[in-house]
Amino acid sequence: MLPPALSPFTSFWRLWRSLVILTGKPWLPPSVRQAEMSNAKERKHAKKMRNQPTNVTLSSGFVADRSVKHHNGGGKPFRAQKQESFSGTSRQRQTRMTHYSPPEPDVNEQSSSKVTFNKKGGWKAGPEGTSQEIPKYITASTFAQARAAEISAMLKAVTQKSSNSLVFQTLPRHMRRRAMSHNVKRLPRRLQEIAQKEAEKAVHQKKEHSKNKCHKARRCHINRVLEFNRRQKKNIWLETHIWHAKRFHMVKKWGYCLGERPTVKSHRACYRAMTNRCLLQDLSYYCCLELKGKEEEILKALSPMCSIDTGLTFAAVHCLSGKRQGSLMLYRANKYPREVLGPVTFIWKSERSPGDPSENRQLWIWLHPTLKQDILEEIKVVCQCTEPTKSTVCISDPLLTPNQEKSQTKLPDEKIGKKRKWKDDGENAKPIKKFIGDGTRDPHQLYSWISPTTGILISDLTMEMNRFRLIGPLSHSILTEAVKAAAVHTGEDTENTPHRWWTETCKNPDSVSLHHRQEAIFALLGGITSPAEIPAGTILGLTVGDPRINLPQKRSKVLPNPEKCQDNEKVRQLLLEGVPVECTHSFIWNQAISKSVTENKISDQDLNWKRSELLVPGSQLVLGPHESKIPLLLIQQPGKVTGDDRRGWGSGWDVLLPKGWGMAFWIPLIYRGARVGGLKEAIMHSQYKRSPYIPGDFPDCPAGILFAKEQAKNLLEKYKRRPPAKRPNYVKLGTLAPFCCPWEQLTRDWELRAQAQEESSVASSPSGEESDWRGDEVPCAPTPEKTHQVSDAMGTSLHACSEPRGRMDTECPAQMGTEWATGQDAARRHLCVLRSRASLKQLSAWCGPSSEDSRAARQVPSGGQQELTREACLSLLDRFPRALVWVSLSLLRKGSPEPHAMICVPAKEDFLQLSQDRLYCGPQESKHSDPFKSKIRKQKEKKKLEKRQNQGHTVSEGLEAGHTMAEHQAPTLGLWSGPLPDVTSHCSRVLLGFVTQGDFSMAVGCGEALGFVSLTGLLDMLSNQPAGERGLVLLRPPASLQYRFARIAIEV
C-alpha cells in the first residue's frame, strides 16, 4: 500500500495519462504551452485561451527569473520535471518521492541541466541558458497545491466546449452520418451521453411556432392586403400584379409596377399568338376621364383641342351615337398643329339607353398615364372647371366599418410590416372585402371638378375599372368560351339576393329583350374568322355571369366554331353594319351598379367551399339567383389600318369590367388558350402595325420629351459602365447623338440649309427674282460667341429634344428657356409633327417610285394628288415649317436597324453603284478623327497632378476643389463634347432623320424601322432623286460605319 502522501500525486498523474490517451497529445500547463509555440501558434492560442483564468495565463514575453524561490519544485520548468520523472525505473521514482528532505544543490547537476527560455517562446538547453535545480524528491500535497489553478483550468478545458459545434460535428468527416443530428444512438458510445445532454437543452429543441408567427397567420388576408397597400404608395399595383410578379420581369414605370416581359423565352411565341391565336394584355394602368353634361356644352368645350385636318373629332356621327370608339390627337386649345398633348380614344354613352331620358351625356376619354396630367389640366381650362365637388373632398371606403376606418387613418403611423394582435369585435365584426389595387387612392385628393358656368362634371376614373386587351384572330372565340351571358331570374327567391339591380332589370320586359339581343350577337362572334372583319371600333354591351363557375379543369385551346354562324344573313348584317346602337348599352356606365358588383363579389374561398359540397365532385356548380352578375363593355380594336399590306393584323377586343373582378376574368381567359404579354410585346405590336408607340414616338409632346431624356440618361449610364476599350468610340464613327435624337437642331439645320440653297440660286439667277421658301419667316441662327454649353458626355444635351443645341443661348426669343414662345412667327418656329391626312397622302404618293419616262413622271398621280413641283413643296413648307414626318423603312438587303440609327440621303455615286450591281449593300463611312482624345488625356493628367498637390492641403480646400470639379462635368471618351456642329453635313451622307423603332420583322422577313425625317429634307431629297429610284434612303446604325439601302414609305 502506497503512503498517504502519494495519493494526490498519483491521482494527478492518472488524470494526466487519461488525457494523453484521449487526445493523443500530452497535456502541458498553459505557461509551458505558450512558451513552446511560435508566433503564429501563439496568436491562435491567445484566441483559444481568452476565457481562461488570469492566474494561469502568462505573457508571451515570460523570462525565467533566477531570484524566484522554488518551493518543492513549484517554480521549476515542468519539462525538466517530466524528464526527471521518466528517467530511470519506476522503483527509483518511488524511492525519490519517499524522501521529504529538501533538495541540496549540486554543481554537476546544475551544469548538466541548464535550460534557456527563448524570447519567442521556445525552451533551449545549453550553458548560456538560465540554470535551474532539479529536485530529487517532491511532496505530493505541496506540489498539487502549487498546481491547483492549472489543474482546475485543465479540468475546465476538458469539460467545457470551446466552440459552438455539436458533438457529432467534432467527429471526422468519414464517421459523420446524417441521422446523428436527431438519433443519439448513431453516435459512438463514448459520445452518446454528451450528445443526449446537448439534445435536452432548450436551444436545440424544436421551437413551437405560435399562431401569430405561422405561415398561415403571416399570409392572413387582412394583413397581407394592408401590407400590399403600403407597398403601393409609390407605385400602384394592378389586380393581376401578383400573377405577373411570379412570371414576368417587373419594372416601375409611370407610377405603376408593370410586367415588362415574360421570364421565359417567348418573343416568337408571342408573335405567333398575335398572328394566329390570341395574346392577352392588362391595360388597367390606362387612365379614364369622364365628362358629364349637356352634349352641346361638351362638344363646344372640346372642339378647340382637336382639328378635323387630322381625322375624326368628338363630333363624329358614329362615335357620337355611342356605336363606335373614336381616336384622335389632342392639342392645346387653338394651337394646332403645334403644342400637341397626345393621342386619346373616347367612347360616348349610348343616348338611347333604356330608363335614361335625361339630356345629359357621358363621355369617357382613355389615355396613357404619361399624358394624363397635361390633358386633364387643359380639359379643366376649356371646360372652365374650377370648383371641386363636395362629395369627393374626402371619400371614406364604404367597405369598412367605423372602427376599421379609425384604424385605417392611423395606418401610416404604425409599423405595418409587424404582426399586430388579433382584436375581436364580437358580433359586430365584419370581414374586410379588399383586394389588390384598392385602397391606393388618397381620400384627401380631388377626383371630380364641376364647372359653374357650363355645368360639366369632370371625374377621374383611373383604377376604377379593369381593361384587358385580347389580340389575335381567336380573341373573340376565347371570349365567347370564357364568358357566358347572365341568366334571367324572375322568381320570388330573387328578393333576398344582393344583386337587386339585376332583379329590377329582369322585371322590365324591354331590358330582358335587349339582353337577349346582346346575347345573340355575342354568340355570333364565336364563329367569325377574325375580329378584323367587324367594323373598326364596334362596341357591344353585355351582362355576364361569374366566369369562375365555368372554369375548366385543364388549360385548353379554343378554335372558332363555324356552326354558330349558321344564320348567314345575321352574320352578314353584323359584318356590314356592326352592332346596333341599342345593343351598346351596358350597366358599367352606372357607378352605383359597378360599386355594388364590386362589393357583392363572392370570394374564392366561398366559391370553393360550395364546390366541395357538391354530391358529384367536378360537376357544374349552380348558384341560381345568388350568382354574381357583371356588366361588361366589349370594344373592337382594328389593328393595322394603314398601308396596303397585312390589313387588320393585330386586331382584337378590349374588355372593360368593374373593379375587383380582374383575376376572376384573367384566369378563365388564360385557361382558354390566351398567352400573356407585357410592355415589350406591346412595343412589338405597335411596331408591326407601323403605328407610333406612346410616349416614345411623340417627340413634340411633353411626355415624349421627358421619355427621351430618361432614355438618354439610362443609355449614357450603361455606356459609362463599360471600359473605354470595350465600348464604341462614337466620335470616330461620326455619330454625334448616339443616345438622343436632336429633332430641334435637325429641323433648324435643314431650314438653314434650304435657305442657303435658295440664296445661292437667287444670286446665280440672271433675273435676280427673290423667292423665299419660308415666306415672311426669318430663321434665327445661333451666335457662336454666346454658346457656353458644357459637355454633358452624352453626344448631345438631354434637352436637345426640346431646345436647339442643348442649353445654348441665342438671340432668338423662340429658343430661350422651356416656355412656349408668344407670337405667330415665334410659334411657327416650334417643332411639330405633320399629322394632316391630306398632306400625308400627298407625300405618300410622292415617295413611291414612278416610271423613267419624263412624261409619266410629270403625270398627275391618281386620286387627285398634285405632282411634285416647286410650288407644291413651297406651299406645304409654308404651312408646316420645321416639321417632322412619320415614316416606315424596309431594308432592301440584309441588316437589322436599331433605335437612333441615322436616315441619310444617298449620293449620285450610290445610285450608280446600285444600278451596276443589284447586290450592292451600300457605301461605307470613312473613319473620323477624335479631337477630344488628347484633351481628355491632358485633363486626366492634370487631375492626377492636382490630386497629388492637394494631398497636403487642408480638408476645407479639398472639399472646395471637389465642389468645383463636380460643377465642371468632365467629358467622356468616345462621345462628342460641347455644342454639336451641323448634324446634317457632319458625315459624308446628308442626314435626313432618325429611327425610333427598329428590328428584324418576322412579318415580312427583313429588317424594318420606324422613325421621323425632316419635312424640308424629305422634299429636297424627293425633288433631286431620279423618278425610278425615288424613295430610296440609307440607314446607318450608331455603332457602325456601314450604310444600307432602305425604301421609305408614308402610310396613311
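The structure reproduced in this document is the subject of the present report. (Residues numbered from 1 in each chain as written. Predicted model: local features only at pLDDT ≥ 70, side-chain atom pairs only at ≥ 80, totals over all residues. Heavy atoms only, no water.)

Digging into the overall build of the chain
Piece 1. A tally of regular secondary structure across the chain gives 35 helices and 26 strands.
Piece 2. Looking at the chain as a whole, 47% of its 1052 residues are labelled buried.
Piece 3. Within the chain, contacts between residues at least 6 apart in sequence are counted, and of these 77% link residues at least 24 apart.
Piece 4. Summed over all atoms, the accessible surface of the chain reaches about 56,200 Å², with 52% contributed by carbon and sulfur. (Helix = DSSP H or I, 4+ residues; strand = E, 2+ residues; numbered from the N terminus. Buried < 20%, exposed > 50% of the residue type's maximum accessible area, 1.4 Å probe, protein only. Contact = heavy atoms within 4.5 Å. Areas by Shrake-Rupley, 256 points an atom, 1.4 Å probe, with all protein chains shown as cover.)

Overview of the packing of aromatic side chains
Piece 1. Taken as a whole and judged by the stated rule, the model has 23 aromatic pairs.
Piece 2. Look at Y271 and Y688: their rings are 5.3 Å apart centre to centre, the planes differ by 80°, and that puts the pair in the edge-to-face class. Linking Y271 in helix α13 (residues 267-276) with Y688 in helix α25 (residues 679-689), this pair joins segments that are 417 residues apart in sequence. One exposure class covers both Y271 and Y688, and it is buried. (Phe/Tyr/Trp six-rings, centres within 6.5 Å; stacked < 30°, edge-to-face > 60°.)

Observations concerning the sheet that holds strand β17 (residues 629-637)
Piece 1. Pairing is mixed across the open sheet formed by six strands, whose spatial order is β16-β17-β18-β15-β7-β19. If you trace the sheet from one side to the other, it starts and ends with β16 (539-545) and β19 (675-676), each paired once.
Piece 2. Strand contacts of helix α18 (residues 475-482): β15 (465-471), β17 and β18 (652-658), with the helix running at about 35° to β18, the strand carrying the most contacts. (Pairing = 2+ DSSP bridges. Axes fitted to C-alpha atoms, helices over the stretch in contact; angles between N-to-C directions.)

Structural notes on the side chain of Q997
Piece 1. Turning to its location among the elements, Q997 is positioned in strand β23 (residues 991-1001).
Piece 2. For Q997, the residues in contact, after removing those within four places along its chain, are I683, S686, Q687, S691, P692, Y693, D697, W886, E1008, A1009 and L1010.

Remarks on unusual backbone geometry
Piece 1. Along the chain, Y336 connects to P337 via a cis peptide bond; the corresponding omega equals 10°.
Piece 2. Looking at where P337 falls in the secondary structure, it is placed in the loop between β9 (326-331) and β10 (340-348).
Piece 3. In this model, I694 is joined to P695 through a cis peptide bond whose omega is 0°.
Piece 4. When you line up the elements, P695 lands in the loop between α25 and α26 (702-721).
Piece 5. Of note, the phi angle at R882 is positive, near 50°, even though the residue is not glycine.
Piece 6. Among the secondary structure elements, R882 is positioned in the loop between α31 (870-879) and β21 (883-891).
Piece 7. The class of R882 is buried, set by a relative accessible area of 3%.
Piece 8. The backbone phi angle of H900 is positive, close to 70°, even though this residue is not glycine.
Piece 9. On the secondary structure map, H900 appears in the loop between β21 and β22 (902-904).

Note that all results are geometric; they support no functional claim without further evidence.
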